[in-house]
Amino acid sequence: MKKALYTILFISILFLMGSPSYGAQSSNSGQADRQEVVQDETHDQVEEEHEADEAHHAPPGWTVIPFVLLLLMIATGPLFYEHFWHKNYPIIAVVLAVMVVLYYLFALHNVHGPVHALAEYVQFIALLASLYIASGGIMIDVDKKATPLANLIILLTGAIISNLIGTTGASMLLIRPFIRLNKTRIKAYHIIFFIFIVSNVGGSLTPIGDPPLFLGFLKGVPFFWTLEHNLFPWLFALALLLATFYFFDRRNTSNYGLSDEEPTFTNKIKLVGFRNFVWLGVVIGSVFLDPNVLDWVPAIHYDGQKFSFVREIIMFSVAFLSFKFANKGAIAGNEFSFEPIREVAFIFIGIFGTMMPALELVGGFAASPEGAKLINHNTLYWGTGILSGFLDNAPTYINFLTAAMASQGGNINKISEVVAFAQGGTFHDSVMDLKAISIAAVFFGALTYIGNGPNFMVKSIAEQIGIKMPSFFGYIIRFSIPFLLPLLLLVWLVFFAFA
């Protein structure tokens, strides 16, 4: 255990220092070094696949400054300069992203990175916007007395259905009824544990559940792989989170919150806006229209790769149509507002634009000979996890999977090799490596507000309704460190440390 912790610390220090020895040289030499650890029989294949990457230089360490600055402003803005931040965060996020993109284009002569970041952002915001708006037209009213058991049932239900309609869909569908149910006793911990359970950990069992798992599926990880290998960590983590929530909720005897009125209950569950479930189904179905999996799907061809656009057109169309034809009573009952998705859209423009150097430096080091020596399921768990908490967990998942495969001569752009990596037997300890990456990307996404898209949306909805939410650092210090981090440590000890 001590050796693993030292290894993680070493990787973290190199990352925070910007990996100067790596960033100072071109990816030509980094690629040449990386080839030394590639198996002889795949040497030529890997060299050919990475020819495009050799055309540009790796970013220097200081290029992570805009990303760090954005994170600091997200953390401190609402706390110390709230008016300025809420008025100017779109400008700040866009300006910082543009600075990094321009440096990539004109200093590094790297068009590939910004184009990929733009494509990933469009896919990201299309999915989140369509799910957010479509679910906003569905009002679920649970007219029952708020009890710890009732809350437990909602959270468990959300964790289950997040594997069917995604963590974003489940979060947007259930956060408002969850808040309404607890309107006379609502506290911040209700929202935080909702984020832990429904917005993150719950979606571990299917590729639909969480964006990183879906990206893995598109790369070649079998659809039912996640259900087979993630089930027991999912059950273990959910049981502990639900038990902790139940302990706190039983102690919450306060009769205050969003309403001081003495409620009367009909003990009925009312659903308004059922037609929007059809729109949600369209979004989920369109997720699979990926040209890299289905050759007949039209695509934008760039630099030898195919980028989806049909899927995104469908999702944006659903966003427009589901709102236009939504039940007005459901929209009013949900107090629907576009502000949460607007905030997410601008904040993540900044994140996707500025995190390119951080991802490239970490991924480049991990795939280098020095980094390859450090790669095992323990370091992959903590490396993927910690970065997933502060970067978006979807590109972090892909970056670490790419590095894990490259360290053994595998190529993530070959579906047959990804399948072999997932099934085991061809690559050393590959099943455990992929399991560590998958669990960490999903679970650690709850570490901060920006680890996973739904987190920020749930926070924003809660604040729009009037709930006092902790700041960025308050979330980490009051909830992530005392409650989530011990759980993540236990998951590692039970399922990975001694495997």
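Remember, it's a predicted structure, so these values are computed and weren't measured experimentally.

### Some thoughts on the packing of helix α8 (residues 148–181) against helix α9 (residues 188–197)
Part 1 of the argument: Interaxial distance between α8 and α9 falls to 11 Å at its minimum, and their mutual angle equals 155 degrees. When the axis of α8 is compared with that of α9, the two are roughly antiparallel. Once α8 is placed against α9, the crossing between them reads as right-handed. Only H190, I191, F194 and I197 of α9 make contact with α8, whose side of the interface consists of N151, L155, A159, A170, S171, L174, I175, F178 and I179.
Part 2 of the argument: Here the residues of the contact of α8 with α9 are counted per class, giving ten nonpolar, three polar and no charged.

### Some thoughts on empty space enclosed by the protein
Part 1 of the argument: By the definition in use, this model includes three cavities of 30 Å³ or more.
Part 2 of the argument: Size it by volume and the largest cavity reaches roughly 370 Å³.
Part 3 of the argument: Contributions of two or more residues to the lining of the largest cavity are made by α7 (112–136), α8, α10 (211–219), α13 (310–324) and α19 (393–406).
Part 4 of the argument: The element best represented in the lining of the largest cavity is α7, accounting for six residues.
Part 5 of the argument: Grouping the amino acids of the lining of the largest cavity by side-chain chemistry returns 17 nonpolar, six polar and five charged.

### Re the packing of helix α18 (residues 377–390) against helix α21 (residues 430–443)
Part 1 of the argument: The N-to-C vectors of α18 and α21 enclose an angle of 20 degrees; their axes lie 8 Å apart at closest approach. In terms of axis orientation, α18 runs roughly parallel to α21. Crossing handedness for the pair α18 and α21: right-handed. Where α18 approaches α21, its residues H377, L380, Y381, T384, G385 and S388 are matched on the opposing element by M432, D433, A436, I437, I439, A440 and A441.

### Re the nonpolar core
Part 1 of the argument: If you look at the biggest cluster of nonpolar residues, it comprises 140 residues, and the most contacted ones within it are I191, F196 and Y381.
Part 2 of the argument: Here this core gets 13 residues from one element, more than from any other, and that element is α8.
Part 3 of the argument: Counting residues in hydrophobic clusters, the runner-up holds five residues, among them V100, L108, A117 and M356.

Here is what the cut-offs are and how they apply
Residues numbered from 1 in each chain as written. Predicted model: local features only at pLDDT ≥ 70, side-chain atom pairs only at ≥ 80, totals over all residues. Heavy atoms only, no water. Axes fitted to C-alpha atoms, helices over the stretch in contact; angles between N-to-C directions. Helix = DSSP H or I, 4+ residues; strand = E, 2+ residues; numbered from the N terminus. Parallel < 35°, antiparallel > 145°, perpendicular 65-115°, else oblique. Left-handed = near helix turned anticlockwise from the far one by under 90°. Contact = heavy atoms within 4.5 Å. Nonpolar A, V, L, I, M, F, W, Y, C, P; charged D, E, K, R; others polar. 1 Å grid on protein atoms, 1.4 Å probe; cavity = no way out; pocket = protein on both sides within 12 Å on 5 of 7 lines; lining within 4 Å. Points joined across faces, edges and corners; volume = space filled by probe spheres on them. Core = buried A, V, L, I, M, F, W, Y, C linked by side-chain atoms within 4.5 Å. Buried < 20%, exposed > 50% of the residue type's maximum accessible area, 1.4 Å probe, protein only.

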